[in-house]
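Geometric and topological summary
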Amino acid sequence: MYKDVPRKFDAWDIDSMYESQPVTLEDDSTVSIIEQTPWKCTLRVTRHFSGSDWQQDISLQYDRARLDFATHVDWHEKHRLLKVAFPTGIHADEGINEMQFGYVKRPTHRSRPYDADRFEVCNHRYTALCDENRGAAVLNDCKYGVSMLGDEITLTLLRAATAPDLHADEGVHDFTYSYYVWDGPMMTSDVVRQGYELNVPVTEAAGYAEDASLLQVDAPNIIIDTVKAAEDGSGDIVLRLYECKHADTSAKLTINLPFNSVSLCDMLENEQEQLTTDGSSINLHFHCFEIKTVRVGLSKQGE
């Protein structure tokens, strides 16, 4: 935790001087095992610091290289900044910060004034450091400020501004962040899927059904991000797909629904190009970080 008193905009800015103003968290933690099975183990860490209470369930599942930190905080601070740091041991000149439909690379050093000004940047579902042999990422489900320096990724968890709201962010917060590691280059990693799984967990319902998949794509770096009804009420469905790892890619999209037409559209769902199909699949080519909108005309009963 750090003292956090920005010079101008209390609730919007973080000033670089915060790093020179750490606040000691003196109270001890208690650690207990709350789950220990062949499938999953969970530690519960509880502590009180300053005016706040903290409870964290740290979980590791079988056959998964992801450590989850499910966090519950009753936050009552003023002008404080709470961050969590992960020293990765990975040397990289740039970190990878996910944004919607891709990522941005930013420096992990502060050699130039331009780099030093980026001591705190934004990310979406993950920030990663990697070389050609291994990588590590900090994932989050709602915390979008992060800093990188050397081999360390530091995620901003909570602040305590007093203007324009004297009690900004006070109260109970529940969030989860994760630490994920992999072997090999970024291209072969599962980091994007892990970010999605943390943010959009599987929904379960009672009952029984056979295995089924309505849509499939055969390239792991092509993401089916959106499936929705067409805005014009025609009954068509609209798919939005994107390439997530800065790699020019050809992919096959398989649609396991009865359909009679498929076309590329702009983002306003205006048809631009009819696509050829073999009856169930369509070949698509993506440039780096390209977004494609595909409109599928479903067959009506009897067609």
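All of the points below concern the structure found in this document.

The rules behind the values
- Counting from 1, residues in each chain are numbered in the order their sequence is written.
- Selection of residues for local features in this predicted model requires a pLDDT of at least 70, selection of side-chain atom pairs for listing and counting requires 80 or more, and totals for whole chains, interfaces and linings are taken over all residues.
- The basis for every side-chain value is the complete set of non-hydrogen atoms in the structure, without hydrogens or water.
- What counts as a helix is a DSSP run of H or I of at least four residues, what counts as a strand is a run of E of at least two, and both are numbered from the N terminus.
- Per-residue accessibility, obtained with a 1.4 Å probe over protein chains only, is compared with the maximum for each type, and a residue is labelled buried under 20%, exposed over 50%, and partly exposed between these values.
- Any pair of residues with heavy atoms lying within 4.5 Å of one another is described as a contacting pair.
- Here the accessible surface of atoms and residues is derived via Shrake-Rupley with a 1.4 Å probe, and residues count as covered only by protein chains that are part of the display.
- For this count, His and the chain ends are skipped, Lys and Arg are scored as positive, and Asp and Glu as negative.
- Every charge is mapped to an atom, namely NZ of Lys, CZ of Arg, CG of Asp or CD of Glu.
- Here, a strand pair is defined by DSSP locating no fewer than two bridges between the strands.
- A pairing counts as a salt bridge when a side-chain nitrogen of Lys or Arg comes within 4 Å of a carboxyl oxygen of Asp or Glu.

**Looking at the overall build of the protein chain**
Helix and strand content of the protein chain: two helices and 22 strands. If one aligns the C-alpha atoms of the protein chain with their principal axes, the spans along those axes are about 70 × 50 × 45 Å. By residue count, 44% of the 303 residues in the protein chain fall in the buried class. For the protein chain, long-range pairs separated by at least 24 residues make up 63% of all intrachain contacts whose partners lie at least 6 apart in sequence. Accessible surface for the protein chain amounts to roughly 16,700 Å². Of this, 51% is attributable to carbon and sulfur atoms. Distance between charge centroids for the protein chain: 4 Å, based on 28 positive and 50 negative side chains.

**Side note on the side chain of Asp-15**
The topology assignment puts Asp-15 in the loop between strand S1 (2–3) and strand S2 (29–36). Of the residues examined, Asp-15 reaches a relative accessible area of 10% and is grouped as buried. Not counting chain neighbours up to four residues away, the residues in contact with Asp-15 comprise Val-5, Pro-6, Arg-7 and Phe-119.

**Focus on the pairing of strand S14 (residues 171–183)**
Of the strand pairs in this sheet, strand S5 (residues 66–75) and S14 are connected by 10 bridges, and their pairing is antiparallel. Pairing of His-72 across the sheet is with Asp-174, part of S14.

**With respect to the pattern of salt bridges**
Applying the stated rule across the entire model yields 16 salt bridges. The shortest N-O distance in the salt bridge between Arg-110 and Glu-19 comes to 3.1 Å. Placement of Arg-110 in the loop between strand S8 (102–107) and helix H1 (113–116) and of Glu-19 in the loop between S1 and S2 is noted, with a sequence separation of 91 residues between them. Between Lys-228 and Glu-231 there is a salt bridge, and its shortest N-O distance comes to 3.0 Å. We classify Lys-228 as partly exposed; its relative accessible area is 22%. Taken together, the shared-partner salt bridges in this structure form one network comprising Arg-112, Asp-115 and Arg-118.

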